[in-house]
Amino acid sequence: MRAILVRSPGGPENLSVENVPEPLVGAHDIRIAVVACGVNRADIAQRLGRYPSPAGTPPWPGLEVSGTVTEIGPAVTRFAVGDRVCALLGGGGYAEQAVVNEDLVLRVPDSVDLIDAAGLPETVATVWSNLFQSARLQRGETVLVHGGASGIGTTAIQLARLSGARVAVTAGSPEKLEACRRLGADILINYRTERFADALRDATDGHGADVILDIVGGASAADNVSALAVDGRIMVIANQSGVNADFDLFRLMQKRGRLWGTTLRARPHVQKAAIMQGIQADVWPWLASGEFHPVIDSRFSFADAAAAHRRMEASEHVGKILLTP
């Protein structure tokens, strides 16, 4: 089968479509004929040599796929050949086939385009586990989503709105903010033209954000604490700024604030399985009804994987970028 390999750490030009052996199916695994895989920031880091695949997973990138089940292991009970599915992977999604434990797989509703479904697993799992499982976002609370036009952001806006929260976002252009508004964001902040902590406090009559979902990391740490409400929770899921945090710890203590750093890829299987069960119960009904939908920016063929990575690194996208075999 074909897969997209990283010839050596470096730029997008180092991605190469090559033939690799088909993965083996274990007792609890299913084989998926991949129709699309999502592109994530973790893939960029892996291409640069900073975030290798965990032990036991293929060495090529890819954390989420969608497609059709073509083979099941002897102990599989939840899926059958022919099922339309999407799956969360530890790695190896950039390929024509993916093998994954059935615990990390979800059926794709008939109302959802199967290719677009590739943009769901990693993003929804990240948002659900952070906003709802860990931060316990409640109806009526205010959540601040950094990078509102990203794949994470467009998902977080929709799920927070559906849960009854008030949604504030940051983005870097009027066009991206307008996309966030259409998805249900209430407070729109252009981080290039205004300080988001001041803008958020003004928009909330000084209350601030009960929950902050942060992909920026160190560069936003001080302003996150400033923007935080009393008893607020900051969920740091990435450090795209690449700098260490520098903030007033006493100010965080005064607000009884909580700063929580998380990753998804490195979690043990039992935790990932629990996250997928939560998504099945809490999010999938909204997906099936059409109240929630994947926001797809663009699709690229495997041969154009370098262009897909360049688009993500340029932060030109609104929603998810997909690769299709």
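As the structure is a prediction and not an experimental result, all values here were calculated from the model. (Residues numbered from 1 in each chain as written. Predicted model: local features only at pLDDT ≥ 70, side-chain atom pairs only at ≥ 80, totals over all residues. Heavy atoms only, no water.)

### Brief notes about the overall build of the protein chain
The secondary structure content of the protein chain amounts to 10 helices and 15 strands. Here the C-alpha atoms of the protein chain give a radius of gyration of 19 Å, agreeing with the 20 Å that 2.2 N^0.38 yields for 325 residues. Across its three principal axes, the protein chain shows a C-alpha extent of roughly 55 × 40 × 35 Å. Here the protein chain holds 325 residues, and the buried ones make up 57% of them. Relative to all contacts within the protein chain whose residues are 6 or more apart in sequence, the contacts with residues 24 or more apart total 67%. (Helix = DSSP H or I, 4+ residues; strand = E, 2+ residues; numbered from the N terminus. Rg over C-alpha atoms; globule rule 2.2 N^0.38 Å. Buried < 20%, exposed > 50% of the residue type's maximum accessible area, 1.4 Å probe, protein only. Contact = heavy atoms within 4.5 Å.)

### Observations regarding the pairing of strand β12 (residues 228-236)
In this structure, strand β11 (residues 209-214) lies alongside β12, joined through five bridges in parallel fashion. Residue pairing in the sheet places L213 in a bridge with M235 of β12. Bridging between β12 and strand β13 (residues 258-261) involves four bridges; their strand directions are parallel. Opposite I234, over in β13, you have L259 as the bridge partner. (Pairing = 2+ DSSP bridges.)

### Points about the environment of F247
You can see F247 is positioned in the loop between β12 and α7 (249-254). As for F247 and A219, which are separated by 28 residues in sequence, their C-alpha atoms are 9.7 Å apart. Beyond its immediate stretch of four places on either side in the chain, F247 contacts A221, A222, V225, L252 and L259.

### Quick word on the packing of aromatic side chains
Throughout the structure, instances matching the rule amount to zero aromatic pairs. Lying over the aromatic face of Y51, R265 brings its terminal NZ or CZ to 4.7 Å of the ring centre. (Phe/Tyr/Trp six-rings, centres within 6.5 Å; stacked < 30°, edge-to-face > 60°. Lys NZ or Arg CZ within 6 Å of the ring centre and 35° of its normal.)

### Quick notes on the side chain of E141
Mapped onto the elements of the fold, E141 is located in the loop between α2 (121-134) and β8 (142-145). Of the polar contacts made by the side chain of E141, one reaches the backbone nitrogen of Q138; its length is 2.9 Å. Those residues in contact with E141 that sit more than four places away from it in its chain are R136, A165, R166, D210, V211 and R233. (Polar contact = N/O pair within 3.5 Å; in protein donor to acceptor, adjacent residues only side chain to side chain.)

### Looking at the pattern of salt bridges
Scanning all chains against the criterion turns up 17 salt bridges. In this structure, the salt-bridge partner of R182 is E178, at a minimum N-O distance of 3.7 Å. Taken as a pair, R182 and E178 lie in helix α4 (residues 174-183) at a separation of four residues, close to a single helical turn. Given the relative accessible area of 58%, R182 is considered exposed. Several salt bridges share partner residues, and in doing so they unite R195, D198, R201 and D223 into one network. (Salt bridge = Lys/Arg side-chain N within 4 Å of Asp/Glu carboxyl O.)

### Some remarks on the side chain of D29
Position of D29 relative to the elements: it lies in strand β3 (residues 29-39). One buried charge, D29, has no salt-bridge partner; the nearest side chain with opposite charge is R31, at 8.9 Å. Among the polar contacts listed, one links the side chain of D29 to the backbone nitrogen of N101, at a separation of 3.5 Å. If we skip the residues at most four places from it in the chain, D29 touches L24, I72, G73, V76, V99, V100 and N101. (Lys, Arg positive; Asp, Glu negative; His and termini not counted.)

### Some words on the layout of surface pockets
What the largest pocket holds in volume is close to 1300 Å³. Lining the largest pocket are 50 residues, and of these R41, I215, A238, N239 and Q240 sit closest to its centre. Mapped onto the lining of the largest pocket, the elements with two or more residues apiece are α1 (41-47), α2, α3 (151-162) and β9 (166-171). It is α2 that provides the largest number of residues to the lining of the largest pocket, a total of five residues. Estimates place the volume of the second largest pocket at around 440 Å³. In terms of lining, the second largest pocket is formed by 24 residues, of which the most central are G56, T57, G90, V99 and V100. Those elements that place two or more of their residues in the lining of the second largest pocket are β6 (97-101) and α8 (269-282). Looking at the lining of the second largest pocket element by element, the count peaks at five residues for β6. Its residues placed into classes, the lining of the second largest pocket shows 12 nonpolar, eight polar and four charged. (1 Å grid on protein atoms, 1.4 Å probe; cavity = no way out; pocket = protein on both sides within 12 Å on 5 of 7 lines; lining within 4 Å. Points joined across faces, edges and corners; volume = space filled by probe spheres on them. Nonpolar A, V, L, I, M, F, W, Y, C, P; charged D, E, K, R; others polar.)

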